[in-house]
Structures are given as C-alpha cells and as structure tokens.
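Each chain, letter by letter, is given below.
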Amino acid sequence: MADTPPDPPQRPLPDGIVPADVVARTERRWLGVMVAMLVVMMAVIVLTGITHAISPPSNVETIDPTTLHLGGEFAESNLGTAQERDGSLTVRLIGGQYGFAPACTKVAVDTPVKFRLTSTDVIHGFLLPSTNVNTMVVPGFVAEVRTTFTRPGIYRMPCNEFCGAGHHGMWARVSVVPKDQFQSLAPTERSGCVQQ
Ligand code: CUA
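Only a predicted model underlies this, so the values are computations on that prediction, with no experimental measurement involved.

What to know about the overall build of the protein
Counting secondary structure elements, the protein contains one helix and eleven strands. Reading the helices (α) and strands (β) of the protein from amino to carboxyl end gives α-β-β-β-β-β-β-β-β-β-β-β. Here the protein has a C-alpha radius of gyration of 28 Å; the compact-globule value for 196 residues is 16 Å, and the former is much larger. Structurally, the protein occupies a C-alpha span of about 105 × 35 × 30 Å along its principal axes. Burial analysis of the protein (196 residues in total) assigns 24% to the buried set. Taking contacts inside the protein between residues at least 6 apart in sequence as the whole, the part at least 24 apart equals 63%.

Remarks on the sheet that holds strand β10 (residues 153-158)
Picture the strands of a sheet paired through backbone hydrogen bonds; they go either parallel or antiparallel. Here three strands make up an open sheet; going across it, the order is β5-β11-β10 and the pairing mixed. The sheet is open, and its two edges are formed by β5 (104-108) and β10, each paired on a single side. With direction set aside, neighbouring strand axes in the sheet form an average angle of 25 degrees. In terms of strand pairing, β5 meets strand β11 (residues 171-177) through five bridges, oriented parallel. Counted as the bridge partner of V107 is V176 from β11.

What about the domain arrangement of the protein?
Assigned domains of the protein: these are domain 1 (8-54) and domain 2 (61-181). Once you take the C-alpha centre of each, domain 1 and domain 2 turn out to be 45 Å apart.

A closer look at unusual backbone geometry
Note the cis peptide between Q97 and Y98, where omega equals -5 degrees. Omega for the bond connecting A101 with P102 falls within 30 degrees of zero, at -10 degrees, which places this linkage in the cis form. Here P102 lies in the loop between β4 (99-101) and β5. Unlike most non-glycine residues, D110 shows phi in positive territory, near 50 degrees. Mapped onto the elements of the fold, D110 is located in the loop between β5 and β6 (112-119). Of note in this structure, S130 is not a glycine but carries a positive phi near 65 degrees. Checked against the element boundaries, S130 lands in the loop between β7 (124-127) and β8 (134-137).

Description of the nonpolar core
A general tendency of soluble globular proteins is for nonpolar side chains to be buried together. In this structure, L93, V107 and M157 are the most contacted members of the largest nonpolar core, which totals 27 residues. For this core, the secondary-structure elements that each account for two or more residues are β3 (89-96), β5, β6, β9 (141-148), β10 and β11. Broken down by element, the residue count for this core peaks at four residues, all from β3. In this structure, V107 is in contact with T81, L89, V91, V113, F149, V174 and V176, ignoring residues within four places of it in sequence.

Section: the environment of F141
If you trace the backbone, F141 turns up in strand β9. Through-space distance from the C-alpha of F141 to that of N160 is 17 Å; in sequence the pair is 19 residues apart.

Some words on the pairing of β8
Burial along β8 is one-sided: the face carrying T135 and V137 is buried and the face carrying N134 and M136 is not. Bridge count for β7 against β8 is four bridges, and the pairing is antiparallel. Bridge assignment links L127 to a residue of β8, and that residue is N134. Following β7, the chain reverses through six residues before pairing antiparallel with β8; S130 in that reversal takes a positive phi of roughly 65 degrees.

Criteria and thresholds
- Residues numbered from 1 in each chain as written.
- Predicted model: local features only at pLDDT ≥ 70, side-chain atom pairs only at ≥ 80, totals over all residues.
- Helix = DSSP H or I, 4+ residues; strand = E, 2+ residues; numbered from the N terminus.
- Rg over C-alpha atoms; globule rule 2.2 N^0.38 Å.
- Buried ≥ 20, exposed ≤ 12 C-beta atoms within 10 Å, placed from the backbone.
- Contact = placed C-beta atoms within 7 Å.
- Pairing = 2+ DSSP bridges.
- Axes fitted to C-alpha atoms, helices over the stretch in contact; angles between N-to-C directions.
- Domains from an automatic or database assignment.
- Core = buried A, V, L, I, M, F, W, Y, C linked by C-beta atoms within 7 Å.

Take a look at the structure:
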C-alpha cells in the first residue's frame, strides 16, 4: 500500500525560505502583540482620564472674542497679574497675531498661579518650558491652567501652535521672583513686568 502523496506535494524549501505555516504563526503572534498594545494604551488613556481628571485643553468656558476689549474679564485694565484673597495669583493674558498681552507678567515663586487666557483671532499655544503649563488658546474659549513655580527666573512663553506668518516671533515671558520681591496687590491692582 503506497502512502497517499501530500497535497500540495512537499518539496524541500530552498535555504532561507520560511514555510508558510511558520509565517502564519508568526503573523498571528504579532497580531496578538499589537492588540495587546492597543488594549494597554486604551486602558492607560481611560484610567488616567478617570484618576487624573485629564480634560480637553480648554476648560470649556466660552467668551465672545469680538468684544474682549469692551469690558469684562479680559479688558485691558484687567490683564496681568491679580492677587486673590487667599494670596494665590491669577494671570490674565490675551493672545493675538502675533503677541501676548501683556508681554511680560510677574508672579511669585512657591505660590499657586492660575493662568487664564483667550485669543482674539486664531488658535495660539501657551507653553512654559520645564513646567506643566501647555495648552491651546482657542478663540471663543477661556483656557485655564494652574501651576506653582518652584524656581525663580524668567520663563519664556513661545506660542507653540502655528498661527500664521509671524508665529515664530510670538513670544512672551513670565518673570518668577522670590516672595520678598513680590509686592502684594490691592484687589483691583494688576501688575506686569513693565510697571515695576
Ligand atoms: Cu500664535 Cu503661533
């Protein structure tokens, strides 16, 4: 009784050629690895979203960008650093092609600082390197970021969202000074680096 010949007939493979069933097995394994990576990444996103309250760049507070200058929170006289009753600071800034107003703000070290920004025209970026501050500044919305500076110095604020031909020149700065060099502000007083 002759053996039934295998179908397709098995010929010895040339050197360096991997049999099809081995290739299929390897592909299935990599598919498994890929799916596992996706599951891990999704889990990280969901878990950090729940536990660290990660939210969109804007705190979804709306504002009319066409009337900023007419009054309200982002009127010119209200921009810059304000001091709250609890001693914390609130810095209000406006971004517009191609600059921030005011171009320099002063805050104290080791003090909670809340930045509130909005845009008059297009999307800008607000980034303070070596801090946790990094957000988009979207017209029609107020972006709010909180931080505490632990080291005094000048923090440069490059616009990190391409906003047009002058984007590369859109800079401002935050001057972080020791607590004894930061004068307390009256409730209606606003400070910047220009007035000092
Ligand atoms: Cu503003 Cu780039």
